[in-house]
Amino acid sequence: MPEEGDSSETTDTAQNASSDEPVEEIEKSPFPTDKYILPEEWENPLVKLWLTKVAINSRILCLSDAFNNTILVAIIIAGALVGIQTYPGMETDSALVAIDNIILVTFCVEILVKMVAEGMAPWRYFLGPEWRWNNFDFLIVMLCMPFVDLGNSIALLRLFRLMRLAKLVRKIPQLQMIIMGLVGGFSSIGYILLLLFLVFYLFAIAGIYAFRENDPWHYGDLWTALLTLFRASTLEDWTDLMYINMFGCDTYANVYVGEDSRVVDNADYWCTFPQEKYWLTQIYFVFFIVVSALVMLSLFVGAVTMSMTESMEQMKVEDEAKQKAKMKAKQLKKIETARAATTGKMIVDENSSSTSPTAKMQPQKSERPEPSRRLTVAIGEMVGLGNPADDALVESTKMQRLMLGAWDGVDLTGMLDEEVRKTFKNPVRQGYHDISLKAKLVVEDSRFVNFITLVIVMAGALVGIQTYPGWGEDEITLQCETDNCRLCGLIDFVILIIFTIEIGLKFIAADHAPLRVLLDPWNAFDFLIVLGSYVLGGGMITMLRLLRLLRVLKLVKAFPQLQVIVQALMMGMASIGYIGVILFMVFYVFAILGMIMFSANDPWHFGTLHISMLSLFRASTFEDWTDIMYINMYGCDQYGYSAWPQYCTDPHASGAMAGIFFVIFVIIGGLVLLTLFIGVVSTSMDEAQQGQKDEAEMEEKVKDLQKERDINPEEIAIYRKIFSMLDLDGGGTIEEEELRVGLESIGKNPSDDELTEMLKQVDEDNSGEIDLAEFIQFMYNMKVGKSAASDKDYEIGKKEFQKRVEKRKKGELDEEEEEGEKEK
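Please read these numbers as outputs of a predicted model, since none were measured by experiment.

Caption draft 1: Main features of the overall build of the protein chain. Along its length, the protein chain carries 34 helices and four strands. When the 824 residues of the protein chain are sorted by exposure, 39% land in the buried category. The long-range fraction of contacts in the protein chain, counting pairs at least 24 apart against all pairs at least 6 apart in sequence, stands at 67%. Element-wise, carbon and sulfur atoms account for 62% of the exposed surface of the protein chain, whose accessible area totals about 45400 Å².

This is the structure we're talking about:
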């Protein structure tokens, strides 16, 4: 089987394969010398038939998305079944047993198809490039077979079934990338682990000599002392350990019992030799906490986090590359549509300039959309959503004409006004369009935005004030019974009117497609709050108060900087979603393992699957996680269940196994994954702030350029639109290739040298790309250059004409010049 890195190429080959010409298609595969799959390498007709009809099609099936997605769904269902069957009565449920058998058959079919796909060498399934995963899959399937005798060990069978979830890592490349990054990181932090162990070892031995007589429960032997120090390094009740040895086990008892409470069953908790070591204990624990918890353990977590973050960065780069390619293809399609479809190709009139922006446009007929599509578009236009395809086409065409005008040095503002005047012929429609433009100016005006922000702050403060008695509605009558309440109600009504006017102006500013405003999530949020404030009332006063409270979230939109950060965090959620999947898988696996090991002894924490996951989440946050560990180390009859003896029906001490279980889980679940989750969110915020800073610097450069070159704001706005159109991949810069696509869309084809020279004039950092400020300089240079060239041609022509007039007066024109004069 091929490596996953070769899957795309192999898939393309496989999709081209046909039953008519199997040999020719396989020759194009990544394995041209693979004699075990090529029919031409075999003389036996039965072997040829087997390879052609069965093996090749099996390989094609293995590489198909449908097959891999089916296996992925089966893995998820198999993992869910293991958890569901932990609940009482579910292990023998006939429906679940049938589903489990179907899953088992599916995995058997997967193995069989992959072995057949190896052609005449089925053993390569076990020895090929993916031998590790294939052998793992085969072993798990065999262990889950009904004929495998596991005795009465249901727990062991669940454990084998649970191991199927590991197949999920193989099927999702992003998960595999993160896991491999984590594994790779451990090799680089081995020395940190060694140093951390040495610190624990030294402090454990020192603690045994200093505190064993006074505190044998925590420092009785080396293993217990190491476990105690690990607990302290997670800052879990480390002060209890310190106080026991500062004041003695008789003064600060904690887990110890006095002489009057001593019985045989609690002999491990007797305070036999109390000792007070006031200053030594303080120095010991403060020094250990600083070294281990604040330095060494943080260094360990940081190294693991850095390793996994590198994997996440690699995955992010790949996702961004795919997104840019997708955006680029979409923009190219839009430009091509605008150039060749509805608006038609540019036909140059014989009497007009070939590069004039006033060249005639010859419309072409475009294919009519399907009836269902036409109906959808018609409904959208009727309800105020407009026609997205037509609007995008008009916008792209307008951008082409604007760029063509900039190339020819034409006044862009005048051109845009001319385009608007040609669009509308109905005076009523033109009047509404003018109103919408004015509404748009109001909505985008900084003073209006600041006023709305102030109103939002007032609305938020009002919600808090109304929680005090006498300032809000009565909880029983739901009516205002005081003057203060009525005043708050009046202010709230004025605020509601202001928000209504705001959303109304946005609808008007959208011109012919007002409902398109609601496609923006923030605008939809504003509209729902306003609408709910009018609709809700009476018995739904609680919902109304909630809506009033949600107005405060409008502040996120009111402050662009805050909005950028929030949006970046939301986008970051996609990248950390895979970490969430891994985190859930770790919790899920450890929860089932915990139930297998501890459910009988500790039903309070491991009685059911959801309670087990909740207990582990508690442990991952370091909230009294040692209490759960000690219950299962020493048994519920010795620790933790004294207040609920009725639940401790089957006490069992797991000893060191419980300690190892919780130490491993706390390291993975608490110190690594949760920390990484927080780290990725922090990284997203840093990126958002850096992006905000870069954007502010770019705006400053644009303002300086506008002031220096005396460019009016309307032209700057148009240049921004052209830049957005040419930035095909949305990367914030324009490459030479993207600029050429834009120029070709208006019929301009400068040579490579000409285009390179034009870019060099504005590319200040010599990056080969131009940002917004450099693009504005580029467009300005084009406009000024064309204007200067036109003035120069005019002056030269004027001087030549004056010379010919003087020659004609003097009779100095010869016949050839006279003939040329007539032609001119």
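Continuing now.
Caption draft 2: Examining helix H7 (residues 131-143) more closely. The end-to-end C-alpha distance of H7, which contains 13 residues, comes to 18 Å, matching closely the 18 Å that a straight helix rising 1.5 Å per residue would cover. Those residues of H7 that sit buried are Asn-134, Asp-137, Ile-140 and Val-141. An end-on view of H7 places all buried positions within 135 degrees of arc, on one side of the element.

Caption draft 3: Local environment of the state of the cysteines. All chains considered together, the criterion is met by two disulfides. Here Cys-249 connects covalently by a disulfide to Cys-271, the sulfurs 1.7 Å from one another. On the sign convention where negative is left-handed, the bridge of Cys-249 and Cys-271, at about 70 degrees about the S-S bond, is right-handed. Taken together, the residues span a long stretch of sequence, with Cys-249 in the loop between helix H14 (238-247) and helix H15 (278-340) and Cys-271 in the loop between H14 and H15 at a distance of 22 residues. Across this residue pair, the class does not change: Cys-249 and Cys-271 are buried.

Caption draft 4: View of the pattern of salt bridges. Going through the model one piece at a time under the given rule, you end up with nine salt bridges. The partner of Arg-720 in a salt bridge is Glu-699, and the shortest N-O contact between them spans 2.8 Å. Of the two residues, Arg-720 is situated in helix H30 (residues 713-726) and Glu-699 in helix H29 (residues 656-709); the sequence distance between them amounts to 21 residues. We classify Glu-699 as partly exposed; its relative accessible area is 26%.

Caption draft 5: Local environment of helix H21 (residues 483-509). Its 27 residues give H21 an end-to-end C-alpha distance of 39 Å, which sits within 8% of 39 Å, the value for a rise of 1.5 Å per residue. Taken as a whole, H21 has its buried residues at Cys-485, Cys-488, Asp-492, Ile-495, Leu-496, Ile-498, Phe-499, Glu-502, Ile-503, Leu-505, Lys-506 and Phe-507. Looking one or two residues past H21, Asp-511 carries a phi angle of roughly 60 degrees, positive in sign.

Caption draft 6: Main features of the side chain of Ser-620. Within the element layout of this structure, Ser-620 appears in helix H27 (residues 609-620). When its relative accessible area of 2% is taken as the criterion, Ser-620 is described as buried. Here the side chain of Ser-620 touches Phe-617 through a polar contact of 2.7 Å, landing on its backbone oxygen. If we skip the residues at most four places from it in the chain, Ser-620 touches Phe-587, Phe-665, Gly-669, Gly-670 and Leu-674.

Caption draft 7: Expanded view of the nonpolar core. Grouped together as the largest cluster of nonpolar side chains are 102 residues, with contacts concentrated most on Phe-107, Leu-229, Leu-616 and Phe-662. Sort the elements by how many residues they give to this core and helix H25 (residues 560-598) lands first, with 13 residues. Those residues in contact with Leu-616 that sit more than four places away from it in its chain are Phe-587, Phe-590, Ala-591, Phe-606, Phe-661 and Phe-665. Formed by 25 residues, the second largest nonpolar core is a distinct cluster that contains Leu-743, Leu-755, Leu-759 and Ala-773.

Caption draft 8: Seen up close, unusual backbone geometry. At Leu-235, a residue that is not glycine, the phi angle is positive and equals roughly 65 degrees. The residue Leu-235 is located in the loop between helix H13 (222-233) and H14 in this model. Unlike most non-glycine residues, Phe-622 shows phi in positive territory, near 65 degrees. Tracing the backbone shows Phe-622 in the loop between H27 and helix H28 (625-634).

Caption draft 9: View of the packing of helix H4 (residues 65-84) against helix H5 (residues 94-116). The geometry of H4 relative to H5 is characterised by a closest axis approach of 10 Å and an angle of 145 degrees between their N-to-C directions. In the packing of H4 onto H5, the handedness of the crossing is left-handed. In contact with Phe-67, Ile-71, Ala-74, Ile-75, Ile-77, Ala-78, Leu-81 and Ile-84 of H4, H5 contributes Leu-96, Ile-99, Asp-100, Ile-103, Thr-106, Phe-107, Glu-110 and Val-113. In terms of residue class, the contact of H4 with H5 is built from 13 nonpolar, one polar and two charged.

Caption draft 10: Quick look at the packing of helix H3 (residues 45-63) against H5. At a minimum axis separation of 8 Å, H3 and H5 run at an interaxial angle of 125 degrees. When the interaxial angle is binned, H3 and H5 end up oblique. Note that H3 runs across H5; the crossing there is left-handed. On H5, the residues that touch Trp-50, Val-54, Ala-55, Ser-58, Leu-61 and Cys-62 of H3 are Val-113, Lys-114 and Val-116.

Caption draft 11: Representation of the packing of aromatic side chains within the structure. Counted by the stated rule, this structure contains 35 aromatic pairs. Ring geometry for Phe-584 versus Tyr-588: centroids 5.8 Å apart, planes at 25 degrees, classification stacked. Residue Phe-584 and its partner Tyr-588 are both found in helix H25; the two are separated by four residues, about one turn of the helix. Exposure remark for Phe-584: the relative accessible area of 48% places this residue in the partly exposed category. Within the aromatic cluster, the residues linked to one another by ring pairs are Phe-200, Phe-203, Phe-211, Tyr-219, Tyr-284, Phe-285, Phe-287 and Phe-288.

Caption draft 12: View of the environment of Ile-103. Inspection of the secondary structure assignment puts Ile-103 in helix H5. Each C-alpha atom of the pair Ile-103 and Ala-78 lies 6.6 Å from the other, and the pair is 25 residues apart in sequence.

Caption draft 13: The environment of Ile-722, seen in detail. Positionally, Ile-722 belongs in helix H30. In this structure, the C-alpha to C-alpha distance between Ile-722 and Ile-776, residues 54 residues apart in sequence, is 9.7 Å.

Caption draft 14: Summary view of the confidence of the model for the protein chain. On average, the protein chain scores 74 in pLDDT, and the residues at 70 or more come to 67%. Here residues 1-33 is modelled with pLDDT under 50, and outside its nearest four sequence neighbours on either side it reaches 40 contacts, counting other chains as well. In the model, residues 341-369 has pLDDT below 50 throughout and makes 46 contacts with residues more than four positions away in sequence or in other chains.

Caption draft 15: A look at the environment of Gly-580. Note that Gly-580 resides in helix H25. Note: C-alpha distance between Gly-580 and Leu-673 (93 residues apart in sequence) is 8.7 Å.

Calculation criteria
- Residues numbered from 1 in each chain as written.
- Predicted model: local features only at pLDDT ≥ 70, side-chain atom pairs only at ≥ 80, totals over all residues.
- Heavy atoms only, no water.
- Helix = DSSP H or I, 4+ residues; strand = E, 2+ residues; numbered from the N terminus.
- Buried < 20%, exposed > 50% of the residue type's maximum accessible area, 1.4 Å probe, protein only.
- Contact = heavy atoms within 4.5 Å.
- Areas by Shrake-Rupley, 256 points an atom, 1.4 Å probe, with all protein chains shown as cover.
- Expected span 1.5 Å × (residues − 1).
- Arc of directions from axis to C-beta.
- Disulfide = S-S within 2.5 Å.
- Salt bridge = Lys/Arg side-chain N within 4 Å of Asp/Glu carboxyl O.
- Polar contact = N/O pair within 3.5 Å; in protein donor to acceptor, adjacent residues only side chain to side chain.
- Core = buried A, V, L, I, M, F, W, Y, C linked by side-chain atoms within 4.5 Å.
- Axes fitted to C-alpha atoms, helices over the stretch in contact; angles between N-to-C directions.
- Left-handed = near helix turned anticlockwise from the far one by under 90°.
- Nonpolar A, V, L, I, M, F, W, Y, C, P; charged D, E, K, R; others polar.
- Parallel < 35°, antiparallel > 145°, perpendicular 65-115°, else oblique.
- Phe/Tyr/Trp six-rings, centres within 6.5 Å; stacked < 30°, edge-to-face > 60°.
- pLDDT = per-residue confidence, 0-100.

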